[in-house]
Amino acid sequence: MRALNAFIDRINSKASVFFFLLALSFLLYGCKKDVAVPEKPYTLDIPEGFPAPNIPDDNQLTEARVRLGKKLFYDPILSSDYTISCVSCHPQEFAFSDITALSEGVNGKLGLRNTPTLTNVAYGTSFFHDGGAPTLSLQAVAPITDSLEMNLPLDQAIERVKNDPEYNQLFREAYDEEGVFPITRALEAFQFTLISGNSPFDKFYFQGGEDALTDSEKRGWILFKSNGLKCRECHSGFNFSSGGFESNGLYEAYGNDPGRSRITSNPSDEGKFKVPTLRNIELTGPYMHDGSMATLEQVIEHYASGGSSHPNKSELITGFEMSEQEKQDLLNFLKSLTDWEFVNNPDFRE
Ligand code: HEC
Ligand code: HEC
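No experiment lies behind these values; they were computed from the predicted model shown. (Residues numbered from 1 in each chain as written. Chains lettered and ligands numbered in written order. Predicted model: local features only at pLDDT ≥ 70, side-chain atom pairs only at ≥ 80, totals over all residues. Heavy atoms only, no water.)

Along the chain, Phe171 turns up in helix 8 (residues 165-175). Residues Phe171 and Ala186, spaced 15 residues apart in sequence, show a C-alpha to C-alpha distance of 8.7 Å. When neighbours within four sequence positions are excluded, Phe171 is seen to be in contact with Leu68, Leu72, Val161, Asp176, Val180, Phe181, Pro182 and Ile183. (Helix = DSSP H or I, 4+ residues; strand = E, 2+ residues; numbered from the N terminus. Contact = heavy atoms within 4.5 Å.)

Here's what the structure looks like:
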């Protein structure tokens, strides 16, 4: 991430960022011919109540693409010293997020932000806590090349898979283009399949299972969307994320990570971060962009207190009074968003 962010800091203008990304996409995609979609399309299992995600025309899902992307996701071949893979920081058992505040990349180096879940990234409209990457495919460039993560220049990553007979074959099957190794597109294809929508909440809300939630969880859901708490104003829709950027009052001063304003250079974006999904939230702690809150109880206390004052803090964060029982109900509701079928899905394993 640092590589991309540092670059963006340096050029610091939206137009240049655009041209940089354009250049990058040529590098990654090779010359874009009309790619014939190979046989055996991969059919996404779209949960009840969910829309179909937008899959780009040039990366329509096929079994070969998803299989290749999964292999790359689990393979340390994409890190300089062959020790770190995507899954090192995004393990399935924690809904593809990490349990430490900051994750370790090559040589034990620590990253600068908390590793987010990959739950439902297929529905993302921007990636990273500051929304600095517009597509999943471009996003993948950052972890591969970042010195704090996998630390491997892209040309070397391509060289490695090119010289590996198995990958050579898999790329040809998946993308049907001789001599082209769209690593990041394959990773994108696999990540599109990480769809989670079968939690107890989903069974209750979308699938008509009146008994799928306990009374306490149902009370928590009512609190969550109440005018008093306003959680649902930002954690909205089927994925519990508006996709927008907000300041939830974490700090009075954001120090060297001002969030969204790194991308827009707009002071009114300082302290704003992408509204994260709350799906599988029980498994994805520690919380916030810097992993500064260890537990969901702390998160609830934070919102109840109204947080720190900052000129950009959202007007929705005003604090509220809650009984111990209500806090417990809210917590139980948040935990009803855990989709164990997703976390244990053998299709996502190595
Ligand atoms: C060393 C740990 C580490 C490794 C390895 C790693 N990631 Fe991440 N990942 C992170 C962190 C930290 C962030 C958040 C960075 C930020 O917001 O600046 C992140 C963010 C993401 C996001 C954005 C999610 C969102 O909702 O915004 C995606 C997608 C992602 N990683 C995919 C991958 C893929 C694919 C790989 C392998 C090529 C990978 N990651 C390797 C730590 C890691
Ligand atoms: C003004 C919009 C807004 C409102 C209202 C809001 N949130 Fe958030 N929430 C955010 C943002 C933005 C973040 C991410 C902040 C960061 O990364 O530093 C977040 C983070 C979280 C997280 C941590 C997610 C993670 O993966 O780290 C939880 C849990 C959470 N909110 C729950 C709630 C609950 C419960 C309520 C209601 C009491 C609520 N939110 C109200 C915007 C909001």
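Right, let's talk about helix 15 (residues 324-335) for a bit. Over its 12 residues, helix 15 runs 17 Å from end to end, which matches the ideal 16 Å to within 8%, given 1.5 Å per residue. For helix 15, every residue scored as buried is listed here: Lys327, Asp329, Leu330, Leu331, Phe333 and Leu334. Buried residues in helix 15 make contact with helix 10 (200-205), helix 11 (215-224) and helix 14 (296-305). (Expected span 1.5 Å × (residues − 1). Buried < 20%, exposed > 50% of the residue type's maximum accessible area, 1.4 Å probe, protein only.)

With respect to the element layout, Arg232 can be found in helix 12 (residues 231-234). Here Arg232 is buried and forms no salt bridge, its nearest opposite-charge partner Glu233 lying at an N-O distance of 9.1 Å. Within the structure, Arg232 has its side chain in polar contact with the backbone oxygen of His235 (distance 3.1 Å). In this structure Arg232 touches Trp221, Phe224, Lys225, Gly237 and Phe240, once residues within four positions along its chain are discounted. (Lys, Arg positive; Asp, Glu negative; His and termini not counted. Salt bridge = Lys/Arg side-chain N within 4 Å of Asp/Glu carboxyl O. Polar contact = N/O pair within 3.5 Å; in protein donor to acceptor, adjacent residues only side chain to side chain.)

Moving on, we come to the packing of aromatic side chains. Aromatic ring pairs are described here by two measures, namely the spacing of the ring centres and the angle between the planes. The final tally for this structure, using the stated rule, is 26 aromatic pairs. Between Trp221 and Phe240 the ring centres are 6.4 Å apart and the planes differ by 65°, which places this aromatic pair in the edge-to-face class. Within this pair, whereas Trp221 is found in helix 11, its partner Phe240 is found in the loop between helix 12 and strand 1 (245-246), the two being separated by 19 residues in sequence. The buried category is assigned to Trp221, whose relative accessible area is 5%. Aromatic rings pair up to connect Phe50, Tyr123, Phe201, Tyr205, Phe206, Trp221, Phe224, Phe238, Phe240 and Phe333 into one cluster. (Phe/Tyr/Trp six-rings, centres within 6.5 Å; stacked < 30°, edge-to-face > 60°.)

It is worth spelling out helix 14 at this point. Residues that lie three or four places apart on an α-helix share one face, since the helix turns once every 3.6 residues. Taken together, the buried positions of helix 14 are Leu296, Val299, Ile300, His302 and Ala304. Along its buried surface, helix 14 packs onto helix 15. Looking one or two residues past helix 14, Gly306 carries a phi angle of roughly 90°, positive in sign.

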